[in-house]
Amino acid sequence: MDDFGVYAVFGVNGPPQKLLSAEGSSRVRVAVPPSVRQVVLFSSGRWGERICVNAELSDSDRMPITIGKLTPYNKCLSWEQWEEETWIDSVTLNVSLEGGNLSTEPEVIMAVKEYTPKDTAAPPAARELHGKRKREQTAEEEEGNDWTKRREEEENTCPNATTEKTTPVRKVRGQAKGSQKLFASGAETTKLKGAGEKGAAEMQGTVGRTPPQSAVRTKTPLASPSGRWGQTLCPIDAQTAILIGGQGARMQFCKDPMWKLCTEDVSWVAAETLAEGPTPEARIGHTAIYDPDSRRIFVFGGSKNKKWFNDVHILDTQSWKWTMVEAQGKVPPLAYHSCSMFQGELFVLGGVFPRPNPEPDGCSDSLYIFDPRLSIWYQPIVTGDKPSPRSGHSACVMQERKIYVFGGWDTPVCYNDMYMLDLGLMEFSAVKTTGNPPSPRSWHGSAVLSDTKFLIHGGYNGNNALSDAFVFDIDTNSWTEVSAPELSVPRAGHSIITMETAGHRCFSEEDEDADMNGGRTLLVFGGGDNEGNFYSDLTTVAVEELLGAI
């Protein structure tokens, strides 16, 4: 017997209402009563060959307010009016089933019977969302909050703090400022290694201007991603990149988790419902990397609240279809690790992994390799002086033969050291650098600028988000600090990539061809500033400008 069903709960007191079943129409449209301020959608029963359930909350003009998808791995969605800026009235829930033996019956239009309790009680107090203070302890929590105290005992995960103000998450260019901090304050516990002669004042970074904020409420579809941190932005060709995942204000995982960026006109297209197959469950701290040979994106790991992932999801950018890999071998659940592509294999280093309570979560110093051709994980034999356990570090593949690992932290230590993995010898070595190095940090952005240079920008030093930028030259093993007004906003957990953009192509009168770096642009997206702002802006800087500043 097929017991599959999709149900919805309208309002905090409403009973579950069955929308889809194994028999009947595969498409349903429901008018949400104006008094309803919460909607929960969930599935029950065996999925069988069904792939997903597409859900869309639309306004009176049939414009989508938010979209989502139920899958065999993500069986529940929820929306609340205070999260969605354009949810005012006359909201409609559209639900459609994909995969399996679909019915040919027409779309069903349903009505919701509003629930009126016999005894009217005072409305429940607003639920406070407390964050993961995994890295550091605090003595300023409210007395008697056992849940928060248990969370404080965990370590090594980005410690988002609580929020007290409602902050709209749908902003075209920026985010309204709230009271939430992206990271916890921990000056008393953060030991800074290798800081050289830099003082604490230098390591806090220079506070720059924040991206412009929009105060106008609009009933138009989302034009760009909501503000977030901990996402991935993965280039798939010269002018296209894919945004996946992230977490925004009030510790809410983004309900618009997937976008396509076109750099030709610097435009965004919501892509969550464009792809078929089971999409990855909402998460942060994951990695996404593109293999140009197979034209596929590999998404690995990450975390969501107390849930940790070691799954591998593959998005085929030709068929635009998701698949989940049933891999052999062993790899622990990891988040805030690094992942590099070399000769078709994924090199995963470090990261946070969960330990059984009451042990705090720990950082890894292990290297795991995933072979997509055999769908197997294995650990290579590595020699030399390898990095200490850490998370939130960066890794850049240079000249197709070396991986440079920088920074990261393992509570309470924050790093600014550099290691290099020789991919031919599979040997680690510590890199002795010269020049003015970045201060210790984690969750910074990094990008390869040329065959011999890569960029480190921003990050978190245990107290503040940073805004400084440095270029490392692998030929001379030297650091150079660079300055660009576009990079003056302190942010951490952001994404940095380099791509071709029409606006920054550079031609000279002497040479008709473009300069090697003239057409390449650095793109910076998202992140947070530890002061309540989660950014959705896209900042661009010409690579030529950065290299010229050295």
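Each chain carries its own residue numbering, running from 1 in the direction its sequence is written. Residues qualify for local features only when their pLDDT is at least 70, as the model is predicted, and side-chain atom pairs are given and counted only at 80 or more; totals for whole chains, interfaces and linings, by contrast, use all residues. The basis for every side-chain value is the complete set of non-hydrogen atoms in the structure, without hydrogens or water.

- Within an unreviewed UniProt entry, the label attached to the chain reads Kelch repeat-containing protein isoform X4, and the organism entered is Pundamilia nyererei.

### Overview of the sheet that holds strand β25 (residues 367-371)
- Any two strands with at least two DSSP bridges between them are considered paired. For the purposes of this entry, the term helix denotes a DSSP run of H or I that reaches at least four residues, the term strand denotes a run of E that reaches at least two, and both are numbered from the N terminus. One open sheet accounts for 4 strands, arranged β21-β22-β25-β26; its pairing is antiparallel. Both edges of this open sheet fall to β21 (338-342) and β26 (376-378), since each of them pairs with a single strand only. The average undirected angle you get between the axes of adjacent strands in this sheet is 25°.
- In this structure, β25 lies alongside β26, joined through 3 bridges in antiparallel fashion. Of the residues in β26, the one forming a bridge with Asp371 is Ile376. Interaxial angles span 0 to 180 degrees and are taken between N-to-C directions of axes, which are lines fitted to C-alpha atoms, for helices over the stretch in contact.

### Things to note about unusual backbone geometry
- Along the chain, Thr411 connects to Pro412 via a cis peptide bond; the corresponding omega equals 0°.
- Checked against the element boundaries, Pro412 lands in the loop between β30 (409-410) and β31 (413-414).
- Located in the positive-phi region is Gln343, a residue other than glycine, with phi close to 50°.

### Topic: the pattern of salt bridges
- Throughout this description, the term salt bridge denotes a Lys or Arg side-chain nitrogen within 4 Å of a carboxyl oxygen of Asp or Glu. The final tally for this structure, using the stated rule, is 11 salt bridges.
- Taking the shortest distance from any N to any O, the salt bridge between Asp371 and Arg373 comes out at 3.3 Å.
- Three exposure classes are used, based on accessible area relative to the maximum for each residue type with a 1.4 Å probe and protein chains only: buried under 20%, partly exposed in between, and exposed over 50%. Its relative accessible area of 8% is what places Asp371 among the buried residues.
- Since its relative accessible area comes to 63%, Arg373 is described here as exposed.
- In this structure, a network of salt bridges that share partners links the residues Glu281, Lys304 and Lys307.

### Quick notes on the sheet that holds strand β1 (residues 5-10)
- Strand order in the open sheet formed by 4 strands is β2-β1-β4-β7, and the pairing between neighbours is antiparallel. Only two strands of the sheet have a single neighbouring strand rather than two, namely β2 (17-21) and β7 (76-80). Recorded for the sheet is a direction-independent mean angle of 15° between the axes of neighbouring strands.

### Things to note about the packing of aromatic side chains
- Note on aromatic contacts: the rings of Phe and Tyr and the six-membered ring of Trp form a pair at centre separations within 6.5 Å, being stacked when their planes are under 30 degrees apart, edge-to-face when over 60 apart, and tilted otherwise. According to the stated counting rule, one finds 20 aromatic pairs in the structure shown.
- Taking 5.3 Å as the distance between ring centres and 55° as the angle between the ring planes, the aromatic pair formed by Trp268 and Phe525 counts as tilted. Taken together, the residues span a long stretch of sequence, with Trp268 in strand β14 (residues 267-270) and Phe525 in strand β40 (residues 520-525) at a distance of 257 residues.
- The exposure class assigned to Phe525 is buried, which follows from its relative accessible area of 0%.
- Seen from their ring centres, Trp409 and Trp443 are 5.7 Å apart, and the 75° between their planes marks the pair as edge-to-face.

### So, the pairing of strand β35 (residues 445-448)
- Across the two faces of β35 the burial differs, with Gly445 and Ala447 buried and Ser446 and Val448 not buried at all.
- Direction of pairing for β35 relative to strand β36 (residues 453-460): antiparallel, over a ladder of 4 bridges. Each bridged residue has a counterpart across the sheet, and for Ala447 the counterpart in β36 is Leu455.
- Between β35 and β36, which pair antiparallel one after the other, the connecting turn spans 4 residues.

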